[in-house]
Amino acid sequence: MRLGNAVLDDCLCDPAAPLGRDPARCFDLDKVQAQVQLASLKDWLRVQQTMLWANQRDALLLVLQGPDCSGKNGVIRRVLAGLDPLGLAPHSFQAPSEEERHHDFLWRYRTRLPAPGMLGIFNRSYYETLVSDLRDGLCTPADIPPRQAAIEAFEHQLPASGIRPLKCYLQLSVDEQKKRLHRRLEQPEKRWKLTLGDLHDHRHFAEQQAQWAEVLCHSHSDAAPWYVIPADHRWLRDLLAASLLAREFERLALEWPTRPAPFSHADLDSTP
């Protein structure tokens, strides 16, 4: 149902060249077939999410990172659509608010971690504090090493809380980003998302990707690996993300709770 381990493991971050692969590669997959496969996989994911919620034991945290137009919102809409919204905990992180700046830089992420039974989604993540905060003047270069150490400690604490992180970086080419920005300019339903910052980031695409490559290199580990998903093709990006999430559910080996029913058939039948 999901993509095989060989394809998924091919997306594992290579610390020597985190963004060195082709973001347009297709693994010899077909678009129509991939869309059919995704539709079937979403039905399976729906059952798994319900069992996750029913057991109230573990939690999953899907971390979506990537440049503008890489499809973070798209993955949430296309892969998670149809799951029970009561069992989802999505959060989109923009620049920290005035209140958030009065706390430790990880505070707003800690307070939004998924509770047991929930599938949490971080649209952008605590790794922005190593790139965007530096660009926006919210920290200095001297702050980066201690922040990296704090993030590493933070991620090491997640399993003790029953939270399994799945970190996905959506790799997009600069040419594809330009095409998508042009489309946003042309479509009113997407134009409202644009800011001058999008133009600035596009003009500094190579520089920012080099910064993210360094972040991926230093934060990839066996305990909390990064998966670099080629995102030039939306249909492939979505199937890869869904397949990675499916593999995490498989590792949980969920079953329906076996606790005794709170009442019997006789109790029900005795009701007037």
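Each chain carries its own residue numbering, running from 1 in the direction its sequence is written. Residue-level local features of this predicted model are given only where pLDDT is at least 70; pairs of side-chain atoms are given and counted only at 80 or more, and the full residue set underlies all totals for whole chains, interfaces and linings. Computation of side-chain values covers all heavy atoms of the structure but excludes hydrogens and water.

Details of the nonpolar core
And step 1. Core analysis: the largest hydrophobic core is formed by 37 residues, its most contacted members being Leu45, Leu119, Leu245 and Phe249.
And step 2. Put simply, DSSP H or I for four residues or longer makes a helix, DSSP E for two residues or longer makes a strand, and each gets a number counted from the N terminus. At the level of secondary structure, the elements contributing two or more residues to this core comprise helix 2 (31-55), strand 1 (59-65), helix 3 (72-80), strand 3 (119-123), strand 4 (163-171), strand 5 (226-230) and helix 12 (234-252).
And step 3. For this core, the element with the most residues is helix 12, which contributes 11 residues.
And step 4. Between two residues, a contact is recorded if the distance between any of their heavy atoms is within 4.5 Å. The residues contacting phenylalanine 249, other than those within four sequence positions of it, are Trp44, Leu45, Gln48, Gln49, Leu52, Leu60 and Leu254.
And step 5. Residue types Ala, Val, Leu, Ile, Met, Phe, Trp, Tyr and Cys, when buried and joined through side-chain atoms within 4.5 Å, form a set referred to as a nonpolar core. Each residue gets one of three labels from its accessible area relative to the maximum for its type: buried under 20%, exposed over 50%, partly exposed in between, using a 1.4 Å probe on protein chains only. Ala59, Leu61, Ile163 and Val215 belong to the second-largest nonpolar core, a separate cluster that totals 27 residues.

A few points about helix 3
And step 1. Residues of helix 3 that are buried include every one of Lys72, Gly74, Val75, Val79 and Leu80, and no others.
And step 2. Looking one or two residues beyond helix 3, the residue adopting positive phi is glycine 82, at roughly 100°.

What to know about the sheet that holds strand 3
Each strand in a sheet pairs with another by means of backbone hydrogen bonds, the pair being arranged parallel or else antiparallel.
And step 1. Strand pairing is assigned whenever DSSP identifies at least 2 bridges connecting the two strands. Taken in spatial order, the five strands of this open sheet run 2-3-1-4-5, and their pairing is parallel. Looking at which strands have only one partner, the edges of the open sheet turn out to be strand 2 (88-92) and strand 5. The sheet shows a mean angle of 20° between the axes of neighbouring strands, taken without regard to direction.
And step 2. Here strand 1 runs beside strand 4; their pairing, made up of seven bridges, is parallel. Each residue of the ladder has a partner; that of glutamine 65, found in strand 4, is tyrosine 169.
And step 3. Packed on one face of the sheet, helix 11 (residues 205-219) meets strand 1, strand 4 and strand 5 and runs near 150° to strand 4. Note on definitions: angles span 0 to 180 degrees between N-to-C directions of axes, and those axes are lines fitted to C-alpha atoms, for helices only across the stretch in contact.

Structural notes on unusual backbone geometry
And step 1. Even without a glycine there, the phi angle at cysteine 69 is positive, about 75°.
And step 2. For cysteine 69, the position within the fold is in the loop between strand 1 and helix 3.
And step 3. At arginine 124, a position not held by glycine, the phi torsion is positive, near 75°.
And step 4. Here arginine 124 lies in the loop between strand 3 and helix 6 (132-135).

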